[in-house]
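Reading the structure
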Number of protein chains: 2
Amino acid sequence: MKNISGHKNQNLKEIFLELAHFCEEYSLDKDKYGKGEFLNNFENEIAKVAGMEAGLFLPSGVMAQLIAIRIWADQAKIGRFACHESCHLIRHEEEAYKYLHQLEAIIIGQEGQVPLLEDLVKINKAVSSLVYELPMRHLGGDLPSLSELEQIKKYAQKHNIKVHIDGARVFEVLPYYDVSLSDLMSGVDSLFLSFYKGFGSTSGSMLLGSKDFIVKSKVWLRRHGGNLFQLYPLAIPAKFNFDKRRELFSQYYEKAKSLVEDLRSELGLVIVPEVIKSNMFHLRIPMGKEKLAEKMKLVNNYIINLGIWGEDSLGRSVVEFSVGDSTIDIPNKELLRVFSELISETKI
Amino acid sequence: MKNISGHKNQNLKEIFLELAHFCEEYSLDKDKYGKGEFLNNFENEIAKVAGMEAGLFLPSGVMAQLIAIRIWADQAKIGRFACHESCHLIRHEEEAYKYLHQLEAIIIGQEGQVPLLEDLVKINKAVSSLVYELPMRHLGGDLPSLSELEQIKKYAQKHNIKVHIDGARVFEVLPYYDVSLSDLMSGVDSLFLSFYKGFGSTSGSMLLGSKDFIVKSKVWLRRHGGNLFQLYPLAIPAKFNFDKRRELFSQYYEKAKSLVEDLRSELGLVIVPEVIKSNMFHLRIPMGKEKLAEKMKLVNNYIINLGIWGEDSLGRSVVEFSVGDSTIDIPNKELLRVFSELISETKI
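Conventions used here
- Residues numbered from 1 in each chain as written.
- Chains lettered and ligands numbered in written order.
- Predicted model: local features only at pLDDT ≥ 70, side-chain atom pairs only at ≥ 80, totals over all residues.
- Heavy atoms only, no water.
- Helix = DSSP H or I, 4+ residues; strand = E, 2+ residues; numbered from the N terminus.
- Rg over C-alpha atoms; globule rule 2.2 N^0.38 Å.
- Buried < 20%, exposed > 50% of the residue type's maximum accessible area, 1.4 Å probe, protein only.
- Areas by Shrake-Rupley, 256 points an atom, 1.4 Å probe, with all protein chains shown as cover.
- Salt bridge = Lys/Arg side-chain N within 4 Å of Asp/Glu carboxyl O.
- Contact = heavy atoms within 4.5 Å.
- Buried area = accessible area lost by both parts, 1.4 Å probe.
- Polar contact = N/O pair within 3.5 Å; in protein donor to acceptor, adjacent residues only side chain to side chain.
- Nonpolar A, V, L, I, M, F, W, Y, C, P; charged D, E, K, R; others polar.
- Pairing = 2+ DSSP bridges.
- Axes fitted to C-alpha atoms, helices over the stretch in contact; angles between N-to-C directions.
- Parallel < 35°, antiparallel > 145°, perpendicular 65-115°, else oblique.
- Left-handed = near helix turned anticlockwise from the far one by under 90°.
- Least-squares fit on C-alpha atoms with pLDDT ≥ 70 in both.

1. A short note on the overall build of chain A
The secondary structure content of chain A amounts to 15 helices and 13 strands. Taking 20 Å as the expected radius of gyration for a compact globule of 348 residues, we find that chain A reaches 21 Å, a close match to that expectation. For chain A, the spread of C-alpha atoms along the principal axes amounts to about 60 × 55 × 35 Å. Across the 348 residues of chain A, 58% fall into the buried class. Of the accessible surface of chain A, which amounts to about 14100 Å², a share of 47% is contributed by carbon and sulfur atoms.

As structure tokens, this is what we get:
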């Protein structure tokens with residue numbers, strides 16, 4: 001059974017065998033408390049790709065981002081950061097920024113809209129950093145234009161606001177922007193990357209910034225309990241999948257564009273954002289979420305692994321789709337047939 | 001080349017191949033954000049072994065212990081905990097208890113001595129919890145007697161002080177105490193276990209306590225960034241090595257006792273503690289740490305993987321030794337020859 005969204009679902013035996021051969025082929029070594037040839041080379045490799053001075057591998061993005069905003073807050077002696085209401089820090093972390101770091105979030109922009117310069121200008125309290133997500137997951141992968149982003153970076157720099165990019169899926173937007181990651185990160189102070197979204201690895205993330213920023217990050221990583229005895233169980237799959245997929249994001253993006261075009265024209269489905277900007281999008285399926293969840297189980301031959309995020313004001317289910325290796329292998333015609341079955345009223 | 005201390009040094013290929021076969025043999029499944037059949041069964045298994053209601057697998061012990069003392073502090077509305085000066089929270093965590101949790105540490109007992117009831121009685125401020133390490137690593141694995149421990153538990157209970165056990169190496173002391181873990185944990189409120197010390201796994205730990213305590217722990221784990229997308233890369237090796245070694249700690253203990261006896265009688269080495277109580281001990285080697293580190297590299301046929309902790313007031317190096325699979329395979333006579341070479345004055 002194939003996933004329709006994302007990558008193929010490998011079993012654990014396959015995963016560990018692949019890693020065993022990968023370790024043998026490249027003579028990888030174990031790390032210890034953040035030190036090791038393989039681990040540090042990988043950190044340097046990603047730093048170079050991102051145009052940043054240094055990198056730090058961490059078990060999770062939650063740690064990476066909390067550490068970044070804490071460092072910027074301590075440095076500026078301003079315990080406030082700005083972000084959109086859909087920011088991971090606001091929605092998915094049990095308010096760790098408040099309970100662990102005593103920081104205050106200043107919410108900018110409008111729900112459902114990419115925050116722009118005008119939203120940043122409206123902030124009426126000093127903030128030490130701006131957390132900006134590229135692409136915005138809760139908006140179906142929407143993005144500002146490059147020039148809008150440039151305005152934001154310039155304004156932030158002028159007003160001593162550090163720019164932290166939540167780049168959990170940032171490789172996924174490079175084909176749309178048609179720039180390198182290091183060009184996109186020009187004027188950015190810190191960046192977080194994830195290896196289990198588009199890259200399809202297991203848990204693991206990277207925090208990037210100046211050498212001084214990474215030195216400080218290591219202290220906070222220890223405090224968070226993320227400076228593990230060994231990181232190789234997470235870092236080796238990350239490197240394996242980084243190598244495997246770093247050149248594939250254009251394919252994912254092109255497939256997403258053509259699939260959305262077909263879903264709109266053939267099935268009349270409502271899809272967000274208006275212009276597809278990455279390998280992801282959100283569908284508004286015209287039925288309640290319980291009913292949709294039931295129908296997803298009844299589709300034959302495919303695993304309908306679509307996250308149902310909730311319902312919109314019109315009672316439609318908000319559903320996330322990400323193009324990955326598994327999607328690539330399924331012709332649009334076949335995907336349309338699956339969606340057609342899913343939204344039909346016949347079976348339930 | 002064999003390690004003299006601890007377990008055999010496997011390469012990454014061997015480790016991943018072993019895990020691939022283990023996953024196949026037991027049809028293990030992946031977890032997602034803390035949920036999964038394998039993961040939750042493993043948590044329940046350890047909880048049962050420890051005589052606790054519930055368990056939570058975490059990436060690190062740093063998280064586990066910070067979470068425990070924070071929960072007890074919030075519950076009692078008392079932001080202070082008691083512990084020995086050699087406690088991991090004090091020595092190895094960049095004061096995370098202070099910088100992340102705004103807690104205050106009340107140091108009890110004397111340096112180099114196991115804290116006892118009389119030390120607990122001397123505390124003159126209210127504390128919400130007592131962090132007690134079994135065995136005490138910085139004291140070469142020293143321990144209180146079972147009746148001394150019982151007195152501490154009773155006093156704590158009477159004074160509303162929660163007892164949290166730092167049991168990073170607690171399986172290692174069961175042969176000396178000659179009790180089950182669940183009996184040893186009677187009257188204990190929370191327990192942390194590690195899988196990469198005696199068990200020889202990679203990073204990974206377990207926090208154990210009441211159901212309510214574990215529900216609260218999950219919220220704090222999220223805040224720490226430890227509620228990973230997937231924990232299987234750490235949890236599967238933990239279960240593999242738990243199964244492999246849980247019955248071996250008596251062997252390790254017996255070997256440690258006989259080795260110490262021989263090292264004392266044949267080489268006159270000073271070893272702490274006076275009575276060996278686990279698989280570990282500390283040697284006082286009569287030379288400075290730089291010289292010893294150099295000499296360790298010159299011993300043939302063995303990897304002298306002994307941690308040098310520093311120098312004592314007499315200028316002797318304080319060296320940690322843990323008996324593991326690798327040590328078991330080397331006859332005492334051969335180990336004595338190695339130590340004799342190490343402490344001889346001929347080569348440097």
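2. As for the pattern of salt bridges
By the definition in use, this model includes 43 salt bridges over all chains. Note that E334 of chain A and R337 of chain A form a salt bridge whose closest N and O atoms lie 3.4 Å from each other. Here E334 of chain A and its partner R337 of chain A are both found in helix α15 (residues 332–343), three residues apart, which amounts to about one turn of the helix. For K216 of chain B, the salt bridge is made with D212 of chain B, and the minimal N-O distance between the two is 2.9 Å. Placement of both K216 of chain B and D212 of chain B in helix α10 (residues 211–224) is noted, with a separation of four residues, approximately one turn of the helix. Taking the relative accessible area as the measure of exposure, K216 of chain B reaches 33% and is therefore partly exposed. A single network of salt bridges, built from pairs that share partners, joins E45, K239, D243, R246 and E247 of chain A.

3. With respect to the interface of chain B and chain A
In this assembly, 48 residues from chain B lie in contact with 49 residues from chain A. Between chain B and chain A the total buried area reaches about 4100 Å² when both faces are included, carbon and sulfur atoms providing 64% of it. If you look at where chain B meets chain A, you find two salt bridges. Measuring nitrogen to oxygen at the nearest pair gives 2.9 Å for the salt bridge that ties K13 of chain B to E24 of chain A. On inspection of chain B and its partner chain A, the count reaches 20 residue pairs in polar contact (both at pLDDT 80 or more). If you list the elements that add at least two residues to the side of chain B that touches chain A, you get α1 (12–26), α3 (61–76), α5 (96–99), α10 and α11 (232–245) of chain B. When grouped by side-chain class, the residues that make up the side of chain B that touches chain A number 25 nonpolar, 14 polar and nine charged.

4. With respect to the pairing of strand β7 (residues 190–194) of chain A
Remark: a regular strand shows side chains that alternate across the two faces of the sheet. Residue and element names in this part refer to chain A. Along β7, five of the five residues are buried, which leaves the element largely enclosed by surrounding structure. Where burial is concerned, the two faces of β7 agree: the one with S190, F192 and S194 and the one with L191 and L193 are both buried. Examined bridge by bridge, β7 and strand β8 (residues 205–209) share four bridges and lie antiparallel to one another. From the neighbouring strand, L193 faces β8, where its bridge partner is M206.

5. Things to note about the packing of helix α12 (residues 249–267) of chain A against α15 of chain A
Residue and element names in this part refer to chain A. One way to put it is that α12 packs onto α15 with a least axis distance of 10 Å and a crossing angle of 50°. In terms of orientation, α12 lies oblique with respect to α15. Once α12 is placed against α15, the crossing between them reads as right-handed. Across from K255, S258, L259, D262, L263, E266 and L267 in α12, the residues of α15 making contact are N332, L335, L336, F339, S340 and I343. In terms of residue class, the contact of α12 with α15 is built from seven nonpolar, three polar and three charged.

6. Remarks on the sheet that holds strand β8 (residues 205–209) of chain B
Residue and element names in this part refer to chain B. Pairing is mixed across the open sheet formed by seven strands, whose spatial order is β2-β8-β7-β6-β5-β3-β4. The strands lining the two open edges of the sheet, one partner per strand, are β2 (54–58) and β4 (104–108). Within this sheet the neighbouring strands show an average axis-to-axis angle of 20°, counted without direction. The pairing of strand β6 (residues 162–167) with strand β7 (residues 190–194) spans four bridges and is classified as parallel. Within β7, the position partnered with I165 by the bridge is L191. The strands that helix α2 (residues 37–50) touches are β2, β7 and β8; relative to β2, the one it contacts most, it runs at about 125°.

7. Some points on the sheet that holds β8 of chain A
Residue and element names in this part refer to chain A. Taken in spatial order, the seven strands of this open sheet run β2-β8-β7-β6-β5-β3-β4, and their pairing is mixed. Edge positions in the open sheet fall to β2 (54–58) and β4 (104–108), since each of these has one partner strand only. Neighbour-to-neighbour, the strand axes of the sheet open up by a mean angle of 20°, direction not taken into account. Two strands pair when backbone bridges link them, and strand β3 (residues 80–84) and strand β5 (residues 129–133) are joined in this way by two bridges, in the parallel orientation. The residue bridging A82 from the neighbouring strand is L130, located in β5. Packing against the sheet, helix α10 (residues 211–224) makes contact with β2, β7 and β8, and its axis sits at approximately 20° to β2.

8. Some details on the relation of the copies chain B and chain A
Take chain B, turn it by 180°, move it 0.0 Å along the axis, and it overlays chain A with an RMSD of 0.0 Å. Here the transformation between the copies is reduced to the relation of a two-fold axis. When you check the interface residues of chain B against chain A, 100% turn up at the interface there too, and the contact is symmetric in its surfaces.

9. Considering the pairing of strand β12 (residues 307–311) of chain B
Residue and element names in this part refer to chain B. In this structure, β12 lies alongside strand β13 (residues 317–322), joined through four bridges in antiparallel fashion. Within β13, the position partnered with I308 by the bridge is V319. Between the antiparallel neighbours β12 and β13 lie five residues, among them G315 with a positive phi of about 80°.

10. Some points on the packing of helix α1 (residues 12–26) of chain A against helix α11 (residues 232–245) of chain A
All names here are of chain A. Running from N to C, α1 and α11 point in directions that differ by 85°, and their axes come no closer than 10 Å. One finds that α1 runs roughly perpendicular with respect to α11. Contacts from E18, L19, F22 and C23 in α1 reach I236, P237, K239, F240, D243 and K244 in α11. Taken together, the residues of the contact of α1 with α11 sort by class into six nonpolar, no polar and four charged.

11. Topic: unusual backbone geometry
All names here are of chain A. A cis amide bond, omega -10°, links L134 with the succeeding residue P135. Structurally, P135 is set in the loop between β5 and α7 (146–158). Positive phi values are uncommon outside glycine, yet S27 reaches one of about 50°. Note on placement: S27 falls in the loop between α1 and α2 (37–50). A positive phi is found at D178, a non-glycine position, where the angle reads about 55°. With respect to the helices and strands, the residue D178 is situated in the loop between α8 (174–177) and α9 (181–184).

12. Focus on the environment of I276 of chain B
Residue and element names in this part refer to chain B. Mapping I276 onto the fold places it in the loop between β9 (270–272) and β10 (280–285). Remark: the alpha-carbon pair of I276 and V49, spanning 227 residues in sequence, is separated by 25 Å. Not counting residues up to four positions away in its chain, the partners in contact with I276 are Y176, Y253, A256, K257, V260, I271 and F281.

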